[in-house]
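Examination of the molecular architecture
This is what each chain is made of:
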Amino acid sequence: MFQRLIYYFQNDYSKYQLSRLPGPYPSEEQSLTADFDLKYNMFTIYFCGSIRGGRQDADLYQRIIKKLKKYGKVLTEFVGSDELMGELDATLDNDEVKIHNNDIGWLSTSSAVVAEVTQPSLGVGYELGRAVAMDKKVLCLYRPQPDKLLSAMIRGANNDKNFLCRDYEESELDTLLENFFQTIVGINPEAAQDEASNGANPSEAVGGETL
Ligand SMILES: O=c1[nH]c(=O)n([C@H]2C[C@H](O)[C@@H](COP(=O)(O)O)O2)cc1CO
């Protein structure tokens, strides 16, 4: 836990971000496994969606984020909410360097990355490139549309291993997310919750937060 706090201070993170830190971890060793993170509500997901590229899909982002919360803490919930985004921007003094550095900090600490890529966005493309460089597990979700052809640099990055790019309709989201988190990321919320309910109460370890 202390290592993580020191890391955050070294990266000049805001009070806002500190207050959103997943944790505390009971011990440093325990923070190392995805199963433990999930059990203690510390598995973190970086969600990417268009902001300046266009807000047409903002409501859909919000619905995806709601589904992602089953699997962990969504670090970028503001992507689905203009209100939350306004609060975060104010905390970061509307400073683009701070916004960028803050996001890259979250991206680097995230356990998995999910992006809705139908509405083209330079920022999302940039985040995905950085995520690949960081060796993150990535799921890109695209709703095929003739006037919004997906970039070959995203579709062509699919390798069915740690970078998945999937065409989808909203009704398929549950299955897609379950497959990604269970097969690619290797976490299973139901199993972790069963295990947790047979042992220590995880909510006590994180001050009452629940998944
Ligand atoms: O104010 C911001 N805050 C922020 O976190 N982002 C990040 C999160 C989104 O996944 C992504 C959107 O990029 P863009 O604004 O180029 O569409 O960039 C982008 C902006 C605006 O560029």
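Conventions adopted
Residues numbered from 1 in each chain as written. Predicted model: local features only at pLDDT ≥ 70, side-chain atom pairs only at ≥ 80, totals over all residues. Heavy atoms only, no water. Helix = DSSP H or I, 4+ residues; strand = E, 2+ residues; numbered from the N terminus. Buried < 20%, exposed > 50% of the residue type's maximum accessible area, 1.4 Å probe, protein only. Contact = heavy atoms within 4.5 Å. Areas by Shrake-Rupley, 256 points an atom, 1.4 Å probe, with all protein chains shown as cover. Near = heavy atom within 4 Å. Polar contact = N/O pair within 3.5 Å; in protein donor to acceptor, adjacent residues only side chain to side chain. 1 Å grid on protein atoms, 1.4 Å probe; cavity = no way out; pocket = protein on both sides within 12 Å on 5 of 7 lines; lining within 4 Å. Sits in = over half its atoms within 2 Å of the grid points. Axes fitted to C-alpha atoms, helices over the stretch in contact; angles between N-to-C directions. Parallel < 35°, antiparallel > 145°, perpendicular 65-115°, else oblique. Left-handed = near helix turned anticlockwise from the far one by under 90°. Nonpolar A, V, L, I, M, F, W, Y, C, P; charged D, E, K, R; others polar. UniProt positions renumbered as here; feature names shortened; annotations may be inferred. Pairing = 2+ DSSP bridges. Points joined across faces, edges and corners; volume = space filled by probe spheres on them.

What follows deals with the overall build of the protein. Within the protein, the regular secondary structure consists of 11 helices and 5 strands. Put simply, the protein has 211 residues, and 45% of those count as buried. Within the protein, contacts between residues separated by at least 24 positions form 69% of all contacts whose residues are at least 6 apart in sequence. A total of about 11,000 Å² of accessible surface is found on the protein, and carbon and sulfur atoms cover 51% of it.

Of all residues adjacent to the ligand, which total 15 residues, the nearest are I51, R52, D103, S121 and E127. Between the ligand and D103 there is a distance of 2.4 Å, counted from an oxygen atom to a side-chain nitrogen or oxygen. Contact between the ligand and E127: an oxygen atom at 2.7 Å from a side-chain N or O atom of the residue. Of all the cavities here, the one that holds the ligand is the largest pocket. Residue assignment for the shell around the ligand shows that the elements contributing at least two residues are α6 (96-109) and α7 (122-133).

In this section: the packing of helix α4 (residues 58-68) against helix α9 (residues 173-185). Where α4 meets α9, the axes come as close as 11 Å, and the angle between the chain directions of the two elements is 45 degrees. By the angle between their directions, the pair α4 and α9 is classed as oblique. Judged by the twist between their axes, the crossing of α4 over α9 is right-handed. Judged by residue contacts, I64, K67 and L68 of α4 engage L173, D174, L177 and F181 from α9. Classifying every residue of the contact of α4 with α9 gives 5 nonpolar, no polar and 2 charged.

UniProt annotation of "binding site: substrate" (unreviewed entry) refers to Y46, F47, C48, G49, S50, I51, R52, Y61, E127, S151, A152 and M153 when read in the numbering used here. Here the residues from the annotation list that line the largest pocket are Y46, F47, C48, G49, I51, R52 and E127. Here the side chain of S151 touches M153 through a polar contact of 3.0 Å, landing on its backbone nitrogen. Along the chain, M153 falls in helix α8 (residues 152-155).

So, about unusual backbone geometry. Backbone geometry places D93, a non-glycine residue, at a positive phi of 60 degrees. Even without being glycine, N94 reaches a positive phi, approximately 50 degrees. Mapping N94 onto the fold places it in the loop between α5 (82-91) and α6. Classification of N94 by relative accessible area gives exposed; the value is 56%.

A word on the sheet that holds strand β5 (residues 163-167). In any sheet, the strands associate via hydrogen bonds between backbone groups, in a parallel or an antiparallel arrangement. Reading across the sheet, the 5 strands line up as β2-β1-β3-β4-β5 and stay open at both edges, with parallel pairing between neighbours. One side of each edge strand has no neighbouring strand; the edge strands of this open sheet are β2 (73-74) and β5. Sheet topology note: the strand β4 (residues 138-142)/β5 ladder contains 5 bridges and is parallel. Across the sheet, C140 pairs through a bridge with C165, a residue of β5.

Our next topic: the layout of surface pockets. Any space left empty among the atoms is revealed by the rolling of a water-sized probe across them. Approximately 570 Å³ is the volume found for the largest pocket. Taken together, 25 residues line the largest pocket, and the ones lying closest to its centre are I51, I99, D103, G123 and E127. Those elements that provide at least two residues to the lining of the largest pocket are β1 (44-48), α5, α6 and α7. In terms of residue class, the lining of the largest pocket is built from 14 nonpolar, 6 polar and 5 charged.

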